[in-house]
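Descriptive analysis of the structure
Now for the letters of each chain:
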Amino acid sequence: MWSTGPNIADGDVIIVWLTRDLIQPLTVEAGKDFNSRFGNYKHDDFIGTPYGSKVGARSGRGFIHLLRPTPELWTMALPHRTQILYHADISFITSWLNIKKGSKVIEAGTGSGSFSHSVIRSIGSTGHLWSYEFHEARETKAREEFARHGFSDIVTLTHRNVCKDGFTVADTVDALFLDIPAPWDAIEHAKLALRKDCITRICCFSPCIEQVLRTVTALNEHGFTDITMYETLQRPHDVARIPAPKSIAATTEKLKIAEVKREERRLQQIADNENRRQPKPKSPNKRKRADEEDDEGQEDGGKKAKTHKAEDTAELMLNGGEQTNEGSVSVSRVIPEVRGHTSYLTFATLMPIPPVRGPPAAEATPAETP
Ligand code: SAM
C-alpha cells in the first residue's frame, strides 16, 4: 500500500510537486539525490519529513512539496505509456458502474494504470480488480508498479488479448470496463465474466462515434439493456469578486439583465459579421478602400470585443455597485465554449438470469385422470 504514516519513510513512493505543470512520482531511497531545475535535494532530507511539507533546495532558492500519493495525484504524475483516463471520466465511470468497497471489477486494457489506481482505492482490500493488457512491456511495467505500491493482492494482472481469448473468470464480476480499440469484439466474453445473480454493468470508452455504434450493436445482440452514451465535457466558470449585494433578489435581477444584454450583443455581432460577409459590388479603386475597411473592421471588432469584455466585467461587478460594509462575494459566469472531447462513454446493464425453477408440485405429478 502507499504509505499511510504521517512522515515520509525510506522506500516510500511520494509525489513531488514542482509546479502546477510539473508533478512527478519518486521512490525515496536513503543516500540518493533528487535534481531538478528547481534545485538539488537529498532524499535523506525527505526521510522523517511530514507528508505535505515544503522543502527548500540545498542550493539556490527553489523549493518543492512532498505529497502523499492519491489516485488523483498519480494520474497527474504517472509515467505515460499510453493515453490515459483523467478524473472527469474516471469518477463518472466509477459512479455509473456502481464500483464501491468490495466490488469485483474487470478492466481491459491496463495501459498506464491510471484507471486501475482509482478502482483499487474504490474497491478497497475486500474487492478485486482483474486487469488485462496484451502489450507485454506495458503489462510488465504495470505489474512492477502495482507491486511497488502494495496492490498485488488486490489486482490480478494478465497478459492476454481479451478480444481473442476472453477473460480468466466467469460469472464473477460486478462491473466491467473496456478501454480498447475494438470493445465490440470483447462483449460476448464480457457477458460470460459478469455475475448472473444480480444487476451488473459495463462501460466502453471509445473516441469515435463509429466505434460507439458497433459497440451498441454488439451490446444489443448479447442481451444488454439500458444502453446509454455520455460524453464528459468540462465547462469552465469565470469567477469574479463583487461587492456584497444588499439583497439576493436585487443581485439576481441585475445578473439577469446583464445576461440579456450579453445575448443581445452576441446576436448583434453575428448580424454585423453576416453583413460584412455579404459580397458588395466594388469598383477597382474602391476595392483598396473596402479592403482597408475590412482591416479596420477587424480592428474595430477587436476593440468592440475588448469594450464588451470590460462591460461584462462591469456588469459582473453589478454596474460598479458600491462596496458595502459586508465586504465582497464571488460570482461565476459560465464560459459558453466547451472543449476537451476525450471519448464517448457507452454504458449498459445486464439483468440477472432468474433461477430455473422446477414445475410446481401439482404439475410434477399430474393428476390422474378418472
Ligand atoms: N485505461 C488505461 C489508463 O487509464 O491508463 C489506458 C488504456 S490504453 C488507452 C489501451 C490499452 O489497451 C493499451 O495499453 C493496449 O495495449 C491495450 N489493449 C488494446 N487492445 C487490447 C486487447 N484486445 N486485449 C488487451 N489489451 C488491449
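Structure report, in brief.

Here is what the cut-offs are and how they apply
Residues numbered from 1 in each chain as written. Predicted model: local features only at pLDDT ≥ 70, side-chain atom pairs only at ≥ 80, totals over all residues. Heavy atoms only, no water. Helix = DSSP H or I, 4+ residues; strand = E, 2+ residues; numbered from the N terminus. Areas by Shrake-Rupley, 256 points an atom, 1.4 Å probe, with all protein chains shown as cover. Pairing = 2+ DSSP bridges. Right-handed = clockwise from strand over helix to strand, strands pointing away. Near = heavy atom within 4 Å. Polar contact = N/O pair within 3.5 Å; in protein donor to acceptor, adjacent residues only side chain to side chain. Nonpolar A, V, L, I, M, F, W, Y, C, P; charged D, E, K, R; others polar. Salt bridge = Lys/Arg side-chain N within 4 Å of Asp/Glu carboxyl O. Buried < 20%, exposed > 50% of the residue type's maximum accessible area, 1.4 Å probe, protein only. Patch = residues over 30% accessible without salt bridge, like charges linked within 9 Å, V, L, I, M, F, W, Y side chains within 5 Å. Core = buried A, V, L, I, M, F, W, Y, C linked by side-chain atoms within 4.5 Å. Contact = heavy atoms within 4.5 Å. Axes fitted to C-alpha atoms, helices over the stretch in contact; angles between N-to-C directions.

Scanning the protein from N- to C-terminus turns up 11 helices and 15 strands. Surface summary for the protein: the accessible area is close to 21,700 Å², and the carbon and sulfur share equals 53%.

What follows deals with the pairing of strand 9 (residues 155-159). Pairing between strand 8 (residues 128-133) and strand 9: 5 bridges, direction parallel. For E133, the partnering residue across the bridge sits in strand 9 and is H159. Following the backbone out of strand 8, through helix 5 (residues 136-148) and into the adjacent parallel strand 9, one traces a crossover that is right-handed.

Another aspect to go through is the site of the ligand. Around the ligand lies a shell of 22 residues, among which E133, R138, N161, V162 and D179 are the nearest. Between the ligand and S114 there is a distance of 3.2 Å, counted from an oxygen atom to a backbone nitrogen or oxygen. A distance of 2.7 Å separates an oxygen atom of the ligand from a polar atom in the side chain of R138. Within the complex, the protein chains bury 92% of what would otherwise be the 600 Å² of accessible surface of the ligand. Grouping the constituent residues of the shell around the ligand by class yields 8 nonpolar, 10 polar and 4 charged.

In this structure the tally under the stated criterion is 13 salt bridges. The partner of E144 in a salt bridge is K141, with the nearest N and O atoms 3.8 Å apart. Separated by 3 residues within a single helix, E144 and K141 lie in helix 5, roughly one turn from each other. The exposure class assigned to E144 is partly exposed, which follows from its relative accessible area of 38%. A salt bridge links E259 to R262; the shortest N-O distance between them is 2.7 Å. Pair noted here: E259 and R262 are both in helix 9 (residues 248-277), with a separation of 3 residues, about one helical turn. Residue classification places R262 among the buried residues on the basis of a relative accessible area of 15%.

Together, I209, L213 and M229 make up a nonpolar patch on the protein surface, roughly 260 Å² of accessible area in all. In this structure, M229 sits in strand 12 (residues 225-231).

Before going further, it helps to examine the nonpolar core. I93, L97 and F177 are the most contacted members of the largest nonpolar core, which totals 34 residues. At 4 residues, helix 4 (residues 114-123) tops the list of elements feeding residues into this core. Residues within four places of I93 in sequence aside, it is in contact with L85, F115, F177, C203, F205, L345 and F347. In terms of nonpolar packing, the next biggest core, distinct from the first, is built from 25 residues, I106, L178, I202 and F224 among them.

Below, the discussion takes up the sheet that holds strand 12. Ordered by their spatial adjacency, 7 strands build an open sheet running 9-8-7-10-11-15-12, and the pairing between neighbours is mixed. Looking at strand neighbours, the two that pair on one side only are strand 9 and strand 12, the edges of this open sheet. The average undirected angle you get between the axes of adjacent strands in this sheet is 15 degrees. Alignment of strand 10 (residues 175-178) against strand 11 (residues 200-206), held across 4 bridges, turns out to be parallel. Bridge pairing links L176 to I202 in strand 11.

Turning our eyes to something else, we now look at the environment of T70. Relative to the elements of secondary structure, T70 occurs in the loop between strand 6 (63-67) and helix 2 (71-77). Given a relative accessible area of 26%, T70 falls into the partly exposed group. In this structure the C-alpha to C-alpha distance between T70 and H117, which are 47 residues apart in sequence, comes to 8.4 Å.

This part is about the sheet that holds strand 2 (residues 22-27). The antiparallel open sheet is built from 4 strands, whose spatial order is 2-1-6-5. Two strands in the sheet have a free side with no partner beyond their single neighbour: strand 2 and strand 5 (54-56). The sheet shows a mean angle of 30 degrees between the axes of neighbouring strands, taken without regard to direction. Looking at chain direction, strand 1 (residues 13-19) and strand 6 are connected through 3 bridges and run antiparallel. For V16, the partnering residue across the bridge sits in strand 6 and is L66.

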